[in-house]
Amino acid sequence: MMPTETECHVRASCRLCAGKRLGPALRLPDSPLANAFRMEPVEKEPLYPLEVWLCADCGHAQLGHVVSAEAMFSHYLYVSGTSPVFRQHFCEYAKDLRERLKLGTESFVCEIGSNDATLLGYFEGMRTLGIEPAANLAEAANAAGQRTWNAYFTSALACEIRKQYGPADVIVANNVLAHIDDLSDVLTGVQLLLAPGGLLAMEVQYVGDLLEQGLFDMIYFEHLDYHALTPLIGFFARHGLALVDVRHEPTHGGSMRCYVGHAGGPHQVASATIAQWQAHEAEQGLLTRVPWMELGERIAAGKARLHELLGDQQAAGRRVVGYGAPAKLTTLMYTYEVPATALEYVVDDNPLKVGRFTPGKQLAIKPSAALYELETKPDVIVVFAWNFFAAIREKHAALSNLVWINPMPFPRILS
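About the cut-offs
- Residues numbered from 1 in each chain as written.
- Predicted model: local features only at pLDDT ≥ 70, side-chain atom pairs only at ≥ 80, totals over all residues.
- Heavy atoms only, no water.
- Helix = DSSP H or I, 4+ residues; strand = E, 2+ residues; numbered from the N terminus.
- Rg over C-alpha atoms; globule rule 2.2 N^0.38 Å.
- Buried < 20%, exposed > 50% of the residue type's maximum accessible area, 1.4 Å probe, protein only.
- Contact = heavy atoms within 4.5 Å.
- Areas by Shrake-Rupley, 256 points an atom, 1.4 Å probe, with all protein chains shown as cover.
- Lys, Arg positive; Asp, Glu negative; His and termini not counted.
- Charge placed at Lys NZ, Arg CZ, Asp CG, Glu CD.
- Polar contact = N/O pair within 3.5 Å; in protein donor to acceptor, adjacent residues only side chain to side chain.
- Pairing = 2+ DSSP bridges.
- Axes fitted to C-alpha atoms, helices over the stretch in contact; angles between N-to-C directions.
- Phe/Tyr/Trp six-rings, centres within 6.5 Å; stacked < 30°, edge-to-face > 60°.
- Lys NZ or Arg CZ within 6 Å of the ring centre and 35° of its normal.
- Disulfide = S-S within 2.5 Å.

> How would you summarise the overall build of the protein chain if you had to cite specific residues and measurements?
Counting its regular elements, the protein chain contains 11 helices and 19 strands. Taken against the 2.2 N^0.38 rule, which gives 22 Å for 415 residues, the C-alpha radius of gyration of the protein chain at 21 Å falls within 12% of a compact globule. Viewed in the frame of its principal axes, the protein chain has a C-alpha envelope of about 65 × 45 × 40 Å. Burial status across the protein chain gives 58% buried among its 415 residues. By sequence separation, contacts in the protein chain at least 24 residues apart represent 69% of the contacts at least 6 residues apart. Total accessible area on the protein chain stands at roughly 16,900 Å², and carbon and sulfur atoms take up 54% of it. Averaged over its 34 positive side-chain charges, the protein chain has a centre that lies 1 Å from the centre of its 45 negative ones.

> Give a detailed account of the side chain of Gln205, specifying residues and quantitative values.
Counting through the fold element by element, Gln205 comes out in strand E10 (residues 194–205). Residue Gln205 is classed as buried on the basis of its relative accessible area of 10%. At a separation of 3.3 Å, a polar atom in the side chain of Gln205 contacts the main-chain carbonyl oxygen of His252. Not counting chain neighbours up to four residues away, the residues in contact with Gln205 comprise Asn175, Leu210, Leu215, Met218, His227, His252, Gly254 and Ser255.

> I'd like to hear about the sheet that holds strand E2 (residues 22–31), residue by residue, with values.
In a beta sheet, neighbouring strands pair by backbone hydrogen bonds and run either parallel or antiparallel. Read across the open sheet, the 4 strands follow the order E2-E3-E4-E11; overall the sheet is antiparallel. Each having just a single partner strand, E2 and strand E11 (225–226) make up the two edges of the open sheet. Two strands pair when backbone bridges link them, and strand E4 (residues 61–63) and E11 are joined in this way by 2 bridges, in the antiparallel orientation. By the bridge assignment for E11, Gln62 is matched with Asp225. Taken strand by strand, helix H9 (residues 290–315) contacts E2, strand E3 (48–55), E4 and E11, and its axis lies near 25 degrees from that of E2.

> Explain the environment of Leu211 to me, and be specific about the residues and the numbers.
Counting through the fold element by element, Leu211 comes out in helix H6 (residues 207–213). Judged by relative accessible area, Leu211 falls into the buried class, the value being 4%. Considered as a pair, Leu211 and Pro291 are 80 residues apart in the sequence and their alpha carbons are 6.3 Å apart. Apart from the residues lying within four places of it in its own chain, the contact partners of Leu211 are Leu286, Pro291, Trp292, Leu295 and Arg298.

> Tell me what's going on with unusual backbone geometry, and back it up with residues and numbers.
Backbone torsion omega between Met408 and Pro409 reads 0 degrees, so that peptide bond is classified as cis. Its location among the elements puts Pro409 in the loop between strand E18 (403–406) and strand E19 (412–413). In this model, Ala18 sits at a positive phi of 70 degrees, which is unusual for a non-glycine residue. Mapped onto the fold, Ala18 is located in the loop between strand E1 (8–10) and E2. Phi angles above zero are rare outside glycine, and His252 is one such case at about 55 degrees. Its place among the elements puts His252 in the loop between strand E12 (241–249) and strand E13 (255–262). Using a relative accessible area of 15% as the deciding quantity, one classes His252 as buried.

> Talk me through the side chain of Asp245; I want residue IDs and the actual numbers.
By the element assignment, Asp245 lies in strand E12. Residue classification places Asp245 among the buried positions, given a relative accessible area of 15%. Once residues lying within four places of it in the same chain are set aside, the contact partners of Asp245 are Arg100, Arg257, Cys258, Tyr259, Ala270, Thr273 and Ile274.

> I'd love a proper account of the packing of aromatic side chains, names of residues and values included.
Under the counting rule described, the total for this entry stands at 9 aromatic pairs. Three or more aromatic residues link up through ring pairs in this structure, and these residues are Phe86, Phe90 and Phe388. Taking the ring centre of Trp386 as reference, the NZ or CZ of Lys328 above it sits at 5.2 Å.

> Explain the state of the cysteines to me, using residue names and the numbers behind them.
Here a disulfide denotes one covalent bond, and it connects the sulfur atoms of two cysteines. Throughout the structure, instances matching the rule amount to 0 disulfides. Of the cysteine sulfurs around Cys14, a residue in no disulfide, the closest is that of Cys58, at 3.7 Å. With no disulfide of its own, Cys17 lies 3.6 Å from the sulfur of Cys55, the closest cysteine sulfur.

> Quick rundown of the environment of Val85? Include the residues and the values.
Inspection of the secondary structure puts Val85 in helix H2 (residues 84–101). Considering only alpha carbons, one finds Val85 and Gly264, 179 residues apart in sequence, at a separation of 36 Å.

> I'd like a description of the sheet that holds strand E14 (residues 320–323), backed by residues and values.
Sheet architecture is open: 6 strands sit in the order E16-E15-E14-E17-E18-E19, paired in mixed fashion. A strand with exactly one partner marks an edge of an open sheet, and here the two such strands are strand E16 (365–366) and E19. Note that strand E17 (residues 380–383) and E18 share 3 bridges and pair parallel. Residue pairing for E18: Val382 is matched across the bridge by Ile405.

> Describe the pairing of E3, and please don't skip the residues or the numbers.
Across the 8 residues that make up E3, a large majority, 8, are buried. Direction of pairing for E2 relative to E3: antiparallel, over a ladder of 7 bridges. Note that in E3 the partner of Ser31 across the bridge is Tyr48. Strand direction decides the pairing type here: E3 and E4, joined by 3 bridges, are antiparallel. Directly across from Leu54, in E4, lies its bridge partner Ala61.

This is the structure we're talking about:
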């Protein structure tokens, strides 16, 4: 099924510097929307071109084709709070911001793309507001007592928030500023809403980790941008903002957290740390096509290896299932051309996904209890939620005589 122009369009300019010199860096197979988990299997669903383009002016990497936000985010099934790993991460994240800014009961914290408001819950006792475009998640967050507006964050909305709540001491954007096509308007909104001494805490998956580790399955249509630090510095400056500090986080295979304040604001700038990041990006060529070409070669080798592993298990008559139905499962299945017949089903700990079918390949998603039932107990588990591999193994330590396969960054057996 071919997508329509209203669903998908080509982005001909750099989202950060507005440069027009964009060129292909990596082409993956056409794929469905990575979070299009349906209640019933469908014969055909739209496939979209999945290609990373690189800006020759600033080195920023972004998808060449943009799928409409309404198609992806109006109803959303990813829920932050289902993961103990992320709950701990958010707890430490909030503690860091509380201590860094000396937040108190009068402080105002606003989160862009607040999901189920798990992170906001760790700012207990403060004034908080979540902005969440998915109606189902906003409704759930409000029902849980976390004030949430069902909307997209824009400069116009920022003015309305400031009118009602005053300036924000903290604006949190956790794994969302890679999802938005008009980032310029969002940064304008941040500049308008942020208090003079406030900070934007922006956390995104880091392109350096993606390229160095070969984490190609992080590439899908929700992730419009693959951020390095260097192009962002100029982007912030063009909106009257300045990078104050940056730190590396282990989430999503490797992320960076940028602390951003008003240009000329009161925060001391961690110049040495920022310079180290920029030097690393230059040394590794992260703003060039070279590592993307190398990633293409690694993908070809990984594809051959996974087919070999799955073929051996099937030849031995073993039942193979998947663990985890994250968005990255879709990219992996399509890029590695894994046939739907290679797995019997997938389990997931998110109750919103259980009972649905995976995009394109139409694999049934079951609760993890299926791993223990006689008629569905597997011999082999492929962990698609590889970033939680250790936690999953520990959670299901009672399962014996199993073969565990971690498909990323290179497929291997961990029995």
